[in-house]
Amino acid sequence: MSAGEGFDVVDCIRDKRDGRALTAGQIDWVVRSYVAGTVADEQVAALLMAVYWRGMEPAELSRWTDAIIESGERVDLSGLSRPTVDKHSTGGVGDKVSLVLAPLVAACGAAVPQLSGRGLGHTGGTLDKLEAIRGWRSDLSVDEVRHQLESVGCVICAAGPGLAPADRKLYALRDVTATVESIPLIAASIMSKKIAEGTRALVLDVKVGSGAFMTDRDRARELARTMVSLGRDHEVDTVALLTAMDTPLGRSAGNALEVAEAVEVLSGGGPQDLVDVTVALAEEMLRLARVEADPARALRDGSALRAWREMVVAQGGDPDAPLPRAPHVAPVVAPRSGVLTRLEARALGVAAWRLGAGRTRKEDPVSASAGVVWHARPGDEVRAGDTILELHTEDPSRVGRALAALEGAVLVGDGPVADAPLVLERIG
Ligand code: URA
């Protein structure tokens, strides 16, 4: 089971366990054999744990990423008339930036091929959000993606099964072996899919804070640097922004709620923090695509909203259909007058998830209308009895568990609250 083409999986595990870099031949062979089913789960699990502890050298990680890409197809978008540029977010609470960014950057003249995933845990998934729109479909063929990029300029759809299939198998194994939190493995997993999707440029939004995958800034920086150098190794011009995720973004977390908020931003309004992060990311994307345009203006002049409507229609959706609304809305009120001093992102994400907006297992359905709306942000004055949060759900029996998640997460004090920057660092 373990030997073949001159390699032995036990040697690969031992080499990594003892801190030696795997050779290109070992890497290609082990990834290919794992996908083919000729190397066992327990052996790759041991290898992943050795990588978790020992890390990978840059050339080794680049080859590991290549091997994952080579396990499937690599989309060729080189024939498009517009430059391609995509964005990836490591995920945050209330992070509906992708919904705005793809049509916004398309309206400015670039093409955005955004192959996305679904939510798992307390951060939402872009596809789940868009599926709140009546008729919208996420499954497009590669030809449909190409055609839509040419005609509309943006597409947000599901990554097909042919894209980096090795990552799907490795990710499932990492999930059950406590090896998800390895920087080289995360970087290879994210970048293999983005490189395979065919974009020539990429902006990474690496979220840092309590509501993010990376709570520690040094680790977030290391992840960002690792991904930027993997992108460049593969001729994808890549930069990363580290952005704050201690407080949730915008005013809502939940699928239809976030679509409504994205449409507000596309219409030239919406919460300022969301507008600021979106415009900062759009400027980076346009710089990489070498397109001169002002994204803030495209939000004001209606062109971003037009691109959004065209994208939704092209994917079978009705942009004018009313979005689903939750039949039950429970208010959470301010216990006293003062200043909101804390609105903790992770707790709000967990509350939205428990109200039905997210899933525990990847095959679970999600509620389109469930979620949390917040009416104040840290630093805002509130009066006793004001509604600070609304809990939206289809099933009122879920409210108790959502409230439990919010214990200690929303505090009213005497302020003041220091202004915290949203964009923390640029890496690239
Ligand atoms: N997202 C991915 O696609 N892969 C990881 O390993 C972590 C987050």
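Computed from a predicted structure; not experimentally measured. (Residues numbered from 1 in each chain as written. Predicted model: local features only at pLDDT ≥ 70, side-chain atom pairs only at ≥ 80, totals over all residues. Heavy atoms only, no water.)

Caption draft 1: Quick peek at the packing of aromatic side chains. Under the criterion given, the structure shown has 2 aromatic pairs. A centroid spacing of 5.2 Å and a plane angle of 80° characterise the contact between Tyr52 and Trp53, whose relative ring orientation is edge-to-face. Its guanidinium or amino end placed over the ring of Tyr34, Lys169 lies 4.4 Å from that ring's centre, counting from NZ or CZ. (Phe/Tyr/Trp six-rings, centres within 6.5 Å; stacked < 30°, edge-to-face > 60°. Lys NZ or Arg CZ within 6 Å of the ring centre and 35° of its normal.)

Caption draft 2: Molecular detail of the domain arrangement of the protein. Domain annotation for the protein reports domain 1 (3–55), domain 2 (86–160 + 197–314) and domain 3 (328–413). Domain 1 and domain 2 are separated by 35 Å when their C-alpha centres are compared. (Domains from an automatic or database assignment.)

Caption draft 3: Up close: the sheet that holds strand S15 (residues 423–427). Read from one edge to the other, the open sheet built from 4 strands follows the order S3-S6-S7-S15, with strand pairing classed as mixed. A strand with exactly one partner marks an edge of an open sheet, and here the two such strands are strand S3 (86–89) and S15. Here the average twist between neighbouring strands, direction ignored, is 20°. (Pairing = 2+ DSSP bridges. Helix = DSSP H or I, 4+ residues; strand = E, 2+ residues; numbered from the N terminus. Axes fitted to C-alpha atoms, helices over the stretch in contact; angles between N-to-C directions.)

Caption draft 4: Geometry of the packing of helix H4 (residues 58–70) against helix H10 (residues 217–233). Relative orientation of the contacting elements H4 and H10 amounts to 65°, with a least axis distance of 10 Å. When the axes of H4 and H10 are compared, the pair comes out roughly perpendicular. Here H4 and H10 pass one another in a crossing that is right-handed. Every residue of H10 that contacts H4 at Leu61, Ser62 and Thr65 is listed here: Thr226, Leu230 and Asp233. Considered class by class, the residues forming the contact of H4 with H10 number 2 nonpolar, 3 polar and 1 charged. (Parallel < 35°, antiparallel > 145°, perpendicular 65-115°, else oblique. Left-handed = near helix turned anticlockwise from the far one by under 90°. Contact = heavy atoms within 4.5 Å. Nonpolar A, V, L, I, M, F, W, Y, C, P; charged D, E, K, R; others polar.)

Caption draft 5: Region of the structure containing the layout of surface pockets. In this structure, the second largest pocket occupies an estimated 570 Å³ of space. By residue number, the principal contributor to the lining of the second largest pocket is strand S10 (residues 338–343), which donates 3 residues. Tallied by class, the residues present in the lining of the second largest pocket amount to 11 nonpolar, 5 polar and 7 charged. No fewer than three residues from each of domain 2 (86–160 + 197–314) and domain 3 (328–413) sit in the lining of the second largest pocket. (1 Å grid on protein atoms, 1.4 Å probe; cavity = no way out; pocket = protein on both sides within 12 Å on 5 of 7 lines; lining within 4 Å. Points joined across faces, edges and corners; volume = space filled by probe spheres on them.)

Caption draft 6: Representation of the sheet that holds strand S9 (residues 328–333) in the model. Overall, antiparallel pairing links the 4 strands, which are arranged S8-S11-S13-S9 in an open sheet. Of all strands in the sheet, those with a lone pairing partner are strand S8 (252–253) and S9, marking the two edges. With 4 bridges joining them, strand S11 (residues 371–374) and strand S13 (residues 387–393) adopt antiparallel strand pairing. Looking across to S13, one finds that Val373 is bridged to Glu390.

Caption draft 7: A look at unusual backbone geometry. The phi dihedral of Ala178 falls on the positive side, at around 55°, and the residue is not glycine. Tracing the backbone through its elements, the reader meets Ala178 in the loop between helix H8 (165–175) and helix H9 (183–196). Owing to a relative accessible area of 54%, Ala178 belongs among the exposed residues under this scheme. Look at Glu235: it is not a glycine, yet its phi comes out positive at around 60°. (Buried < 20%, exposed > 50% of the residue type's maximum accessible area, 1.4 Å probe, protein only.)

Caption draft 8: Local environment of the side chain of Lys129. With respect to the helices, strands and loops of the structure, Lys129 is situated in helix H6 (residues 126–130). Once residues within four sequence positions are removed from consideration, Lys129 is found in contact with Asp95, Lys96, Leu99, Gly124, Asn255, Glu258 and Val259.

Caption draft 9: How the structure looks around the packing of helix H2 (residues 24–36) against H8. One can describe the packing of H2 onto H8 by two numbers: an axis separation of 10 Å at closest approach and a directional angle of 85°. On the basis of the axis angle, H2 is roughly perpendicular to H8. Every residue of H8 that contacts H2 at Val31, Tyr34 and Val35 is listed here: Ala166, Lys169, Leu170 and Leu173.

Caption draft 10: Seen up close, the side chain of Ser192. Positionally, Ser192 belongs in helix H9. Residue Ser192 is classed as buried on the basis of its relative accessible area, which comes to 0%. From its side chain, Ser192 meets the backbone oxygen of Ala188 in a polar contact 2.9 Å long. Look past the residues within four positions of Ser192 in its chain and what remains in contact with it is Thr65, Ile68, Ile69, Ala164 and Asp167. (Polar contact = N/O pair within 3.5 Å; in protein donor to acceptor, adjacent residues only side chain to side chain.)

Caption draft 11: Spatial organisation of the site of the ligand. All residues adjacent to the ligand are Tyr171, Arg174, Ile186, Ser189, Ile190, Lys193 and Phe213. Ser189 is positioned with one of its side-chain polar atoms (N or O) 2.6 Å from a nitrogen atom of the ligand. At a separation of 2.5 Å, an oxygen atom of the ligand approaches a polar side-chain atom of Lys193. Contact with the protein chains hides 83% of the accessible area of the ligand, taken as 240 Å² for the molecule alone. Of all the secondary structure elements, the ones that give two or more residues to the shell around the ligand are H8 and H9. Of the residues belonging to the shell around the ligand, the class tally is 4 nonpolar, 1 polar and 2 charged. (Near = heavy atom within 4 Å. Areas by Shrake-Rupley, 256 points an atom, 1.4 Å probe, with all protein chains shown as cover.)

Caption draft 12: Quick peek at the nonpolar core. Membership of the largest hydrophobic core comes to 78 residues, with the highest contact counts inside it found for Val105, Leu299, Trp308, Leu348, Val372 and Leu389. Here this core takes 11 residues from helix H12 (residues 272–289), the largest share from any one element. Two domains share this core, each providing at least three of its residues, namely domain 2 (86–160 + 197–314) and domain 3 (328–413). Sequence-distant contacts of Leu348, that is, excluding residues within four places in its chain, are made with Val93, Pro248, Leu343, Val372, Trp374, Leu389, Leu406 and Val410. Residues Leu140, Cys157, Ile190 and Leu242 belong to the second largest nonpolar core, which totals 60 residues. (Core = buried A, V, L, I, M, F, W, Y, C linked by side-chain atoms within 4.5 Å.)

Caption draft 13: Here's a closer look at helix H5 (residues 97–107). With respect to burial, H5 is a largely interior element, 10 of its 11 residues being buried. For H5, every residue scored as buried is listed here: Val97, Ser98, Leu99, Val100, Leu101, Ala102, Pro103, Leu104, Val105 and Ala106. Downstream of H5 by a residue or two, Gly109 has a phi angle that is positive, lying close to 120°.

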